[in-house]
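# Tertiary structure, described
Listed below are the residues making up each chain.
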Amino acid sequence: MLSGCSVYNFTGTGKIDAKTFQVNFFQNNADLIEPGIDRQFTLALQDLIQNQTNLNLVSNSGDLVYEGEIVDYRTTPMTATADQQAAQNRLTIRINVRFTNKNKETDDFEKPFEFYYDFPGTGLPTGAVLNTALQTIFERITQDIFNDSLAKW
């Protein structure tokens, strides 16, 4: 009766047919460049997979390979005040991801992942606002990538 429980784990991934994974550097190819977000995102994805699986991170020849690029980084006004000033802005980031499973090619995919963060319209996201925005956006995007590649949700 307990044998069915051995496949399930708390992250919902079930049995992963791999021992290693690699996350290649996600180059920032967006028209608007925010320095350092490429490295920040790459590390966030590595950390999430390490924390939610027992896979070993390798620099090459991984059973699972994540690669891609940041393709969009933009700030847009969302609401306006009576005097036509932005009351709220939205930072949106889109990342194109290519996932390869060397042990199960039917799991391979290439697709974009996108999320946003709304902030007061008094200016551009900088300092603590930018840090909070990036953390929120990267948490959501990395979890979505994890779900699509390993959890199959």
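Values in this document were obtained by computation on a predicted structure and should not be read as measured data.

With 25 residues, helix H2 (residues 127–151) should reach 36 Å at 1.5 Å per residue; the first-to-last C-alpha distance of 34 Å fits that figure. Following H2 by one or two positions, Lys 152 adopts a phi angle in the positive range, close to 60 degrees.

Let's shift gears to the nonpolar core. Ranked by internal contacts, the top residues of the largest apolar core, which has 35 residues, are Leu 64, Tyr 66 and Ile 95. When contributions to this core are tallied by element, the ones reaching two or more residues are strand S1 (20–23), helix H1 (37–52), strand S4 (64–80), strand S5 (86–101), strand S6 (109–120) and H2. In terms of residue count, the dominant contributor to this core is H2 (10 residues). Ignoring sequence-local partners within four residues, the contact set of Leu 64 consists of Ile 16, Ala 18, Thr 20, Phe 21, Gln 22, Leu 55, Phe 99, Thr 100, Asn 101 and Leu 150.

So, on to the pattern of salt bridges. By the definition in use, this model includes seven salt bridges. Measuring nitrogen to oxygen at the nearest pair gives 3.1 Å for the salt bridge that ties Glu 69 to Arg 98. Of this pair, Glu 69 sits in strand S4 while Arg 98 sits in strand S5, placing them 29 residues apart in sequence. Take Glu 69: its relative accessible area is 15%, and that puts it in the buried class. Judged by relative accessible area, which is 24%, Arg 98 ranks as partly exposed. For Asp 118, the salt bridge goes to Arg 90, with nearest N and O atoms at 2.6 Å. Of this pair, Asp 118 sits in strand S6 while Arg 90 sits in strand S5, placing them 28 residues apart in sequence. Look at the salt bridges and you will find they share partners, linking Glu 69, Arg 98 and Glu 110 into a network.

The rules behind these values
Residues numbered from 1 in each chain as written. Predicted model: local features only at pLDDT ≥ 70, side-chain atom pairs only at ≥ 80, totals over all residues. Heavy atoms only, no water. Helix = DSSP H or I, 4+ residues; strand = E, 2+ residues; numbered from the N terminus. Expected span 1.5 Å × (residues − 1). Core = buried A, V, L, I, M, F, W, Y, C linked by side-chain atoms within 4.5 Å. Buried < 20%, exposed > 50% of the residue type's maximum accessible area, 1.4 Å probe, protein only. Contact = heavy atoms within 4.5 Å. Salt bridge = Lys/Arg side-chain N within 4 Å of Asp/Glu carboxyl O.

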